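Next come the chains, spelled out residue by residue.
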Amino acid sequence: MSMLHQDRLRATLHAEHTEVRVLLIHPMTSGRSVNKVLDASPLHFIQDIHCWRNDETMLTVKCGPATAENPYFSFRLVGGELGDKIKVRWVDNLGEKGAVQALVK
Amino acid sequence: MTSTIQSGRRTVLKQFISASTLAMVAASGLLLPQRVLAHWPNDAFGADTVEDVLLALMGQADEIKNSDVTFSVGKPAKLVTNGQSVTVEVASRLANIERVAVLVDNNPNPLVMSFDLTGSVMMPLKSRIKIVEGESQVIAVIRADGKLYKTTRNLRVYAGGNP
């Protein structure tokens, strides 16, 4: 079991861009793997991820079950200022939802 | 004589009714194995071949093999011991990028993820994916200005990731 329990987001300001790094805590099982007691894992994966900067949509990611466990994404946003609010929300195939946000440092 | 004709007609009627009911249930989506959200491109993620994925996700467009797309997979590249989590990084100098897709040709469903970008997003995009055991081609496709730019990397995975 992972030590991590919470989604994490970190946004850092560079000269001409803002670097955003997101780690979502999710099993991302495809229904094809088996665990140690040979139970088949259910199909359970994040489908949709949205990212906003100050309530303006920046990026949408559609994921399939082949995304690795605890999905990690990093990308850059043009420009940006200290204190911009970066927000990420996700929803999985069973309707579970999560959100994480941070200010640009 | 009359009764056999009658009973035959009944069977035909019954069969017709059950068949049409089944067709209606199938069409209404009640037989789908999981609840599918409407905005998630089910046809693209469910497709079995790279061509079908690209057709469903990117539409008809000219494919260009282009050096403007730089793309790295795994550390070290070409040899991955754990297919559960393989780092993928897509970068490009192209302008007006609308969509970026990452595919693995030997995965049961080739499409791994797709990014929809706005003008404020810059490359590189980095993430981690699962890849099946054996030799696979990892493919990055970028749609920019109505054209598809495709780049592939071959690599060998020693322990598969059950994608």
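Residues numbered from 1 in each chain as written. Chains lettered and ligands numbered in written order. Predicted model: local features only at pLDDT ≥ 70, side-chain atom pairs only at ≥ 80, totals over all residues. Heavy atoms only, no water.

Novice: For this particular structure, what's the right way to read the interface of chain B and chain A?
Specialist: By a widely used convention, the size of an interface equals the accessible area lost when the partners come together. Facing the 33 residues of chain B at the interface are 37 residues of chain A. Here chain B and chain A share zero salt bridges between them. Linking chain B with chain A are 13 residue pairs in polar contact (both at pLDDT 80 or more), by the criterion used here. Looking at the side of chain B that touches chain A, the elements with two or more residues in it are strand 6 (111-117) and strand 7 (121-129) of chain B. The biggest single contributor to the side of chain B that touches chain A is strand 7 of chain B, with nine residues. A breakdown of the residues in the side of chain B that touches chain A according to their chemical character gives 16 nonpolar, 12 polar and five charged. One ladder, built from four bridges, connects strand 7 (residues 72-78) of chain A with strand 7 of chain B; its direction is antiparallel. Bridging across to strand 7 of chain B, Phe 73 of chain A finds its partner in Ser 127 of chain B. (Contact = heavy atoms within 4.5 Å. Salt bridge = Lys/Arg side-chain N within 4 Å of Asp/Glu carboxyl O. Polar contact = N/O pair within 3.5 Å; in protein donor to acceptor, adjacent residues only side chain to side chain. Helix = DSSP H or I, 4+ residues; strand = E, 2+ residues; numbered from the N terminus. Nonpolar A, V, L, I, M, F, W, Y, C, P; charged D, E, K, R; others polar. Pairing = 2+ DSSP bridges.)

Novice: Explain the sheet that holds strand 2 (residues 17-23) of chain A to me, please; I cannot follow it from the model alone.
Specialist: Backbone hydrogen bonds hold the strands of a sheet together, and the pairing may be parallel or antiparallel. What the six strands build is an open sheet, ordered 1(A)-2(A)-7(A)-7(B)-4(B)-2(B); its pairing is antiparallel. Whereas interior strands pair on both sides, the edge strands pair on one side only; in this sheet they are strand 1 (8-13) of chain A together with strand 2 (69-73) of chain B. Each adjacent strand pair in this sheet contributes to an overall mean axis angle of 10°, direction not counted. Pairing of strand 1 of chain A with strand 2 of chain A, which is carried by six bridges, proceeds in the antiparallel orientation. Bridge pairing links Thr 12 of chain A to Glu 19 of chain A in strand 2 of chain A. (Axes fitted to C-alpha atoms, helices over the stretch in contact; angles between N-to-C directions.)

Novice: What is the right way to look at the side chain of His 44 of chain A in this model?
Specialist: Residues and elements named next belong to chain A. Within the secondary structure, His 44 sits in strand 4 (residues 43-44). Exposure remark for His 44: the relative accessible area of 12% places this residue in the buried category. A polar contact of 2.8 Å, which involves the side chain of His 44, links it to the side chain of Asp 92. If near-sequence neighbours (up to four positions away) are discounted, His 44 is found in contact with His 26, Pro 27, Met 28, Thr 29, Asp 92, Asn 93, Leu 94 and Glu 96. (Buried < 20%, exposed > 50% of the residue type's maximum accessible area, 1.4 Å probe, protein only.)

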